[in-house]
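Geometric and topological summary
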Amino acid sequence: MNRPENRIESPLLRRINERRLLEAIQRHGPSSRAALTRASGLTAPTVSKAVDSLLAHGFVEELDPVAPTIGRPGRLVRMATETAAVLGVVIDASTCCVVATGLDGMIREKCTRRFETPATYPALLNQLARACRDLRDHSSARLLGVGVSVPGLVNERLGEIVLSPNLHLLDKQNPARDLEKRLGVSCLLLQETDALCLAERLYGAARGLADFAMLDVAAGLGLGVMSGGVLLAGHSGMAGEVGHITVVPDGVRCGCGNRGCLETLATDAALVRLVSEQVGRPLDVEQTAVLLGERPDDCAPHVATVTEYLAIAIAAVINIFNPTALFVHGTLLAGSNERFSRVLERVRQRALTASLADCTINATTSSKRKGAVAGIVHHLTHTWAPMIR
C-alpha cells in the first residue's frame, strides 16, 4: 500500500515538472516537445503529459512550425498568445497606461491605452477600469489576470501602498484590489521596481540569472533584488528603498517628507529639477533631454552632480548585495551611452573592487509595461506550479 505522502507528492511533482517546462518555453521561445525534452532534462512521456496539462489549463498553445521540415514536423509549443491574455496596468506620477498582451509578454502599441494621471483616486480607478474593459472587450482571448505596477512602498502584510512619495493619492490604497472588484478577474499589486526585475528575468537580459539587481532611477530611486531566483521582500515586502537614505542632511525636501534623500540627487527627476532651476521654468524629461544635447556645457555641472550620486547608489547596491548583474532603468543618464559611461567610471572608483569584478552593469531593456505583464504572468504560473530551487 502506498504511504499517504506519496499520494500528495505525485500531483506536486507533476506541477513542478510543468513549471520546468514553462520556464523552458519562456527562455527558449516556441519549442517542439522533443526540444523541450532536451532542454528540461525530463523524459519524453513526462514532457508529453505536462504539455497536455498546460494546454488544457490555457497556459500554452500549439502551432505548426513556420519552416518546412523533412518528415512529419512536430508542432511547436509556445506561451498562450491567442487563446489567453493578461493586462498590465502602470500607474505613474504623470501618466498611466494599460496594455493587453498574451502570456509571451509581447507589447503592441495598438493594444496600449494611455492617459494623464487624474488628480483623485476615484477618478484614477474609473479611468483604469474603463481602459481595462475596452482592451478586454476588443479581444477574443480569455483574460487570466491583471498586473498593477505602482510607485511607492507596498506593504504586503497590510495589502496596501503605505506611502507613495511622488503620488500621494495612492497612499493607503490598493488599486489592484479595487480593480478586481470592478473587473471580476484576479488583479495583483506590484511595486514597480520588483515588476521591472521580473520583466528583465522573463523577457530581458536576466533570463537564466538567479542573482541580479534592478535600480530604477526615473522618478524615484527604487531597488529590486533577485536572490537565489526569489525577489528579496523583507518583513513586509518593502525591502529595497535605497532612495530614502539621507545623503545631504539639510538637502532638498523629498516626497517622503525627509530632506536630502538619495533620490533627490541621483535620478532623472533630480536632473530635471536642477536644469529647470537653471533655465527658470519647469521642464519635463523630454525637454531636459533636448537641452542636455543642445547646451551640454551649461548643463555639465548638474549632470556631474547627478552622475556622482547615481554612482554612489550603484556602488552601494553592488557592495551590499553582490549581484552577478545590475540593470539601471532610466532615460537621461542610463539612456545615453556617453553619460552612462561616465556613471560607470565613477562606479569603478566607488565600489569594492572584488564585488565589482563579479558584476556587469547595463541599462535595462525592459519597460514598466512589461513589468506589469511579467508580474501577473509570474503570479499565475507560480500559483499553478511552484518553483523549486
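Relevant structure appears above.
In what follows, the accompanying structure is described. (Residues numbered from 1 in each chain as written. Predicted model: local features only at pLDDT ≥ 70, side-chain atom pairs only at ≥ 80, totals over all residues. Heavy atoms only, no water.)

1. Overview of the sheet that holds strand 15 (residues 360-363)
- The strand order across the open sheet built from five strands is 13-12-11-14-15, with neighbouring strands paired in mixed fashion. Looking along the sheet, the strands with just one partner apiece sit at the ends: strand 13 (230-231) and strand 15.
- Two strands pair when backbone bridges link them, and strand 11 (residues 212-216) and strand 12 (residues 222-227) are joined in this way by five bridges, in the antiparallel orientation. What sits directly across from leucine 215, in strand 12, is leucine 223.
- Sitting on the sheet, helix 9 (residues 296-321) is in contact with strand 11, strand 12, strand 14 (325-329) and strand 15, with an inclination near 155° to strand 11.
- Across the sheet, helix 10 (residues 337-350) lies against strand 14 and strand 15, angled at about 155° from strand 15, the strand it touches most. (Pairing = 2+ DSSP bridges. Helix = DSSP H or I, 4+ residues; strand = E, 2+ residues; numbered from the N terminus. Contact = heavy atoms within 4.5 Å. Axes fitted to C-alpha atoms, helices over the stretch in contact; angles between N-to-C directions.)

2. Remarks on the pattern of salt bridges
- Counted according to the given criterion, the structure contains 19 salt bridges.
- For arginine 78, the salt bridge goes to glutamate 61, with nearest N and O atoms at 2.8 Å. Here glutamate 61 lies in strand 2 (residues 60-63) and arginine 78 lies in strand 3 (residues 76-79), a separation of 17 residues in the sequence. Take arginine 78 and glutamate 61: they sit in the same class, and that class is buried. (Salt bridge = Lys/Arg side-chain N within 4 Å of Asp/Glu carboxyl O. Buried < 20%, exposed > 50% of the residue type's maximum accessible area, 1.4 Å probe, protein only.)

3. With respect to the packing of helix 6 (residues 192-203) against helix 12 (residues 368-384)
- Helix 12 packs onto helix 6 with a crossing angle of 80° between their chain directions and a minimal axis gap of 7 Å. As the angle between them shows, helix 6 and helix 12 are arranged roughly perpendicular. Together, Glu192, Ala195, Leu196, Leu198, Ala199, Leu202 and Tyr203 of helix 6 and Lys368, Lys370, Gly371, Ala372, Val373, Ala374, Gly375, Val377 and His378 of helix 12 make up the contact between the two elements. (Parallel < 35°, antiparallel > 145°, perpendicular 65-115°, else oblique.)

4. Digging into the nonpolar core
- Counting 42 residues, the largest nonpolar core has Leu21, Leu36, Phe59, Val60, Val86 and Leu103 as its most contacted members.
- Ranked by residues supplied to this core, first place goes to helix 6 with seven residues.
- Among all residues touching leucine 36, those that are not within four sequence positions of it are Leu21, Ala24, Ile25, Ser31, Val47, Val51 and Val77.
- Counting residues in hydrophobic clusters, the runner-up holds 40 residues, among them Leu262, Val272, Cys299 and Leu332. (Core = buried A, V, L, I, M, F, W, Y, C linked by side-chain atoms within 4.5 Å.)

5. Considerations on empty space enclosed by the protein
- Applying the stated criterion to the full structure yields two cavities of 30 Å³ or more.
- Considered as a void within the structure, the largest cavity measures approximately 180 Å³ in volume.
- Pro151, Gly152, Asn166, Glu192 and Gly220 are, among the 19 residues lining the largest cavity, the residues nearest its centre.
- When the residues that make up the lining of the largest cavity are grouped by side-chain class, the tally is six nonpolar, eight polar and five charged. (1 Å grid on protein atoms, 1.4 Å probe; cavity = no way out; pocket = protein on both sides within 12 Å on 5 of 7 lines; lining within 4 Å. Points joined across faces, edges and corners; volume = space filled by probe spheres on them. Nonpolar A, V, L, I, M, F, W, Y, C, P; charged D, E, K, R; others polar.)

6. Remarks on the layout of surface pockets
- If you add up the space inside the largest pocket, you get close to 880 Å³.
- Looking at the largest pocket, it is lined by 23 residues, and the ones nearest its centre are Asp92, Ser94, Ala218, Val285 and Glu286.
- A class-by-class count of the residues in the lining of the largest pocket yields nine nonpolar, seven polar and seven charged.
- If you add up the space inside the second largest pocket, you get close to 520 Å³.
- For the lining of the second largest pocket, the secondary structure elements donating two or more residues are strand 8 (153-155), strand 10 (187-191), helix 6, strand 13 and helix 12.

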